[in-house]
Amino acid sequence: MNWSATILTLYPEMFPGSLGHSLAGRALADGLWSLDARNIRDFTTDRHRTVDDTPAGGGPGMVLRADIIAAAVDGVANGTPVIALTPRGAPLTQAKVRELAAGPGVTLLCGRFEGFDERIFDARAIEQVSIGDYILSGGEVAATVLLDACVRLLPGVMGAALSGVDESFETGLLEHPHYTRPPEWEGHLIPEVLRSGDHAKIAAWRLARSEADTRSRRPDLWQRHSDAAGQPPSGAR
Ligand code: SAM
């Protein structure tokens, strides 16, 4: 059975969107994964297909009703883990992406307005995931990000089996920078070592750049990497 993505959204027409192109799009056409975008309004029972109501305690905006979301989640249940996209969730990581890609697929809940009635998360054992510390207008773009990251890891999707393994975050470090021809462009040179043909020196240079860039750009990652390796943290060496 292929890896299945089910999306619960108020805007099913936003899918496959960018997921219908390039690597993910080809994999979708080849049947390596499947995508089913369902309209949350199809799980309402009233004439107006109402999905939201005013926030308890007052305040602006509208909240997605727990009973409607529960009906939608129950209506599509297929054994895949259910994840709600919300800025209040745990930050999405490459480790989480790998875990999801290794499973049967995922069901994604896309919020709108002020988000979901909180009671739904415990009632249906729904995990909450955020794609970053900023607010989007809806969960559809966040769902697209999560699916793009998962699909490229599915067996047969990336051309060379190795092409994912040293990428940023896979090793706990940012990846080293890349260069291509021409060797000199607008006076900027490709680092000499990359043209040396000495594979051991190239590997050492890449690791050093990977470490230096992680230390300066992402002290949080560097700290974690150093802790895992049992090394003194940044600044102590
Ligand atoms: N009132 C919410 C808050 O302050 O946490 C924000 C709601 S946002 C305008 C509407 C929907 O967009 C959310 O329910 C969620 O599905 C999605 N969303 C917005 N930012 C997101 C993020 N950083 N990660 C994942 N989903 C996000």
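The structure displayed is predicted, hence computed values, not measured ones. (Residues numbered from 1 in each chain as written. Predicted model: local features only at pLDDT ≥ 70, side-chain atom pairs only at ≥ 80, totals over all residues.)

(A) Just the overall build of the chain, in detail. For the chain, the helix and strand inventory stands at seven helices and nine strands. With the principal axes as the frame, the chain shows a C-alpha extent of 70 × 45 × 35 Å. A buried classification covers 25% of the 237 residues belonging to the chain. A separation of at least 24 residues holds for 73% of the contacts in the chain among residues at least 6 apart in sequence. (Helix = DSSP H or I, 4+ residues; strand = E, 2+ residues; numbered from the N terminus. Buried ≥ 20, exposed ≤ 12 C-beta atoms within 10 Å, placed from the backbone. Contact = placed C-beta atoms within 7 Å.)

(B) Here's a closer look at unusual backbone geometry. For the bond running from Phe15 to Pro16, omega is 5°, close enough to zero to count as cis. With respect to the secondary-structure elements, Pro16 resides in the loop between β1 (3-9) and α1 (22-29). The step from Arg181 to Pro182 runs through a cis peptide bond, and the omega angle for that step is 0°. Backbone geometry places Ser22, a non-glycine residue, at a positive phi of 50°. Here Ser22 lies in helix α1. What makes Ser22 exposed here is the crowd of 11 C-beta atoms within 10 Å.

(C) How the structure looks around the UniProt feature "binding site: S-adenosyl-L-methionine" (unreviewed entry) in the chain. Within this structure's numbering, the places UniProt gives as "binding site: S-adenosyl-L-methionine" (unreviewed entry) are Gly111, Ile131, Gly132, Asp133, Tyr134, Ile135 and Leu136. Under the C-beta neighbour-count criterion, Gly132 is labelled exposed, with 11 such atoms within 10 Å. Residue position: Asp133 is located in the loop between β7 (127-130) and α5 (139-151). Residue classification places Asp133 among the exposed positions, given that 7 C-beta atoms sit within 10 Å. (UniProt positions renumbered as here; feature names shortened; annotations may be inferred.)

(D) Geometry of the sheet that holds strand β2 (residues 33-39). As summarised here, the arrangement of the five strands in space is β2-β1-β6-β5-β7, forming an open sheet in which the pairing is parallel. Looking along the sheet, the strands with just one partner apiece sit at the ends: β2 and β7. Sheet twist, expressed as the mean angle between neighbouring strand axes with direction ignored, is 35°. Strands in contact with helix α2 (residues 66-76) are β1, β2, β5 (82-91) and β6 (105-110); relative to β1, the strand with the most contacts, it is inclined by about 160°. (Pairing = 2+ DSSP bridges. Axes fitted to C-alpha atoms, helices over the stretch in contact; angles between N-to-C directions.)

(E) Quick look at the site of the ligand. Residues in close proximity to the ligand total 19 residues, the closest being Gly111, Gly115, Leu136, Gly139 and Ala142. Listed by contribution, the elements that provide at least two residues to the shell around the ligand are β5 and α5. Broken down by element, the shell around the ligand gets its largest block of residues, four residues, from β5. (Near = placed C-beta within 6 Å.)

(F) Spatial organisation of the domain arrangement of the chain. Taken domain by domain, the chain holds domain 1 (3-151) and domain 2 (166-229). On a C-alpha basis, the centres of domain 1 and domain 2 stand 35 Å from each other. (Domains from an automatic or database assignment.)

(G) Layout of the nonpolar core. If you look at the biggest cluster of nonpolar residues, it comprises 42 residues, and the most contacted ones within it are Leu108 and Leu109. Take this core: its biggest share by element is six residues, from α5. Those residues in contact with Leu109 that sit more than four places away from it in its chain are Leu8, Ile69, Val82, Ile83, Ala84, Leu85, Ile126 and Gly139. (Core = buried A, V, L, I, M, F, W, Y, C linked by C-beta atoms within 7 Å.)

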